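Analysis of the macromolecular model
Chain residues, written in single-letter form:
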Amino acid sequence: MNMDLSRRSFLKLAGAGVAATSLGAMGFSEAEAAEVAHVRAFKLATTTETRQTCPYCSVACGIIIYSKGDVRKGDKAEVVHIEGDVDHPTNRGTLCPKGAALKDFVKSPTRLLYPMHRKPGSDKFERMSWDEALDRIARLMKDDRDANLLLKNEKGLDVNRWTTTGMLAASATSNETAWATFKFAKSIGIVGFDNQARV
């Protein structure tokens, strides 16, 4: 079959085809509506977004934790996704392999959720309340400080040194928290003070 098609007719036909294809691609067709109908919803659309600091090392990367369940309504929040925070100046959304696996860290069955204490001579740890743990730590620190605080050196100068207890501080904190922690340690006389970043 031989069609007599002028250049002008060819351009009109091609233009009509492009227009019809463009309208279909912009969503004016039933095929587009059918495609949209079976696309699943964005899984994080109904979650609560919480910004936090990665707990692993001293870099202090920013993370975003997505959880389901409204704690204000009495629901238990369940972490469903963790990713790097693109607005954080330290990591700009990137995470190392440990940070990328934080969801497994949070959901680990061996994760410590409350204080444990192993009594002298015992072969197992026993659960204790936070109040009991903090009271025990405070009592042991007070007893050790009272017994070992060095008030004056050999020249008779006031030194107030407590050398038998050390303190290891977290590194993934703000400057203000680090300053307050350092001031607390030095105010009670602790000499052995270090940071997790150097360990």
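For the structure itself, look to the data block above.
Residues numbered from 1 in each chain as written. Predicted model: local features only at pLDDT ≥ 70, side-chain atom pairs only at ≥ 80, totals over all residues. Heavy atoms only, no water.

**Looking at the sheet that holds strand S6 (residues 150-152)**
Here three strands make up an open sheet; going across it, the order is S6-S7-S8 and the pairing mixed. Whereas interior strands pair on both sides, the edge strands pair on one side only; in this sheet they are S6 and strand S8 (190-195). Neighbour to neighbour, the strand axes of the sheet diverge by 30° on average, direction disregarded. Bridging between S6 and strand S7 (residues 158-169) involves two bridges; their strand directions are antiparallel. Residue pairing for S7: lysine 152 is matched across the bridge by aspartate 158. Along the sheet face, helix H5 (residues 130-148) touches S6 and S7 and points at about 150° away from the line of S7. (Pairing = 2+ DSSP bridges. Helix = DSSP H or I, 4+ residues; strand = E, 2+ residues; numbered from the N terminus. Axes fitted to C-alpha atoms, helices over the stretch in contact; angles between N-to-C directions. Contact = heavy atoms within 4.5 Å.)

**Overview of the pairing of S8**
Consecutive side chains of a regular strand alternate in pointing toward one face of the sheet and then the other. Relative to S8, S7 is paired through five bridges, and the arrangement is parallel. Across the sheet, glycine 166 pairs through a bridge with glycine 192, a residue of S8. Between the parallel pair S7 and S8, the chain is carried across by helix H6 (residues 175-187), and the sense of this crossover is right-handed. (Right-handed = clockwise from strand over helix to strand, strands pointing away.)

**Some details on the nonpolar core**
Most often, soluble globular proteins have nonpolar side chains that are buried together. Counting residues in hydrophobic clusters, the biggest one holds seven residues: Cys54, Cys61, Ile63, Ile65, Val79, Ile82 and Leu102. Taken together, the elements giving at least two residues each to this core come down to strand S2 (62-68) and strand S3 (78-84). (Core = buried A, V, L, I, M, F, W, Y, C linked by side-chain atoms within 4.5 Å. Buried < 20%, exposed > 50% of the residue type's maximum accessible area, 1.4 Å probe, protein only.)

**With respect to the pattern of salt bridges**
Within this structure, the stated rule accounts for eight salt bridges. The salt bridge partner of aspartate 87 is arginine 51, with a shortest N-O separation of 3.5 Å. With aspartate 87 in the loop between S3 and helix H3 (97-100) and arginine 51 in strand S1 (residues 48-53), this residue pair connects regions lying 36 residues apart in the sequence. Here arginine 139 ties to aspartate 143 by a salt bridge, and the two come within 2.8 Å at their closest N and O atoms. Residue arginine 139 and its partner aspartate 143 are both found in helix H5; the two are separated by four residues, about one turn of the helix. Look at arginine 139 and you get partly exposed, because its relative accessible area is 47%. It is possible to trace a salt-bridge network through shared partners that takes in Glu49, Arg51, Asp85 and Asp87. (Salt bridge = Lys/Arg side-chain N within 4 Å of Asp/Glu carboxyl O.)

These figures capture arrangement, not role.
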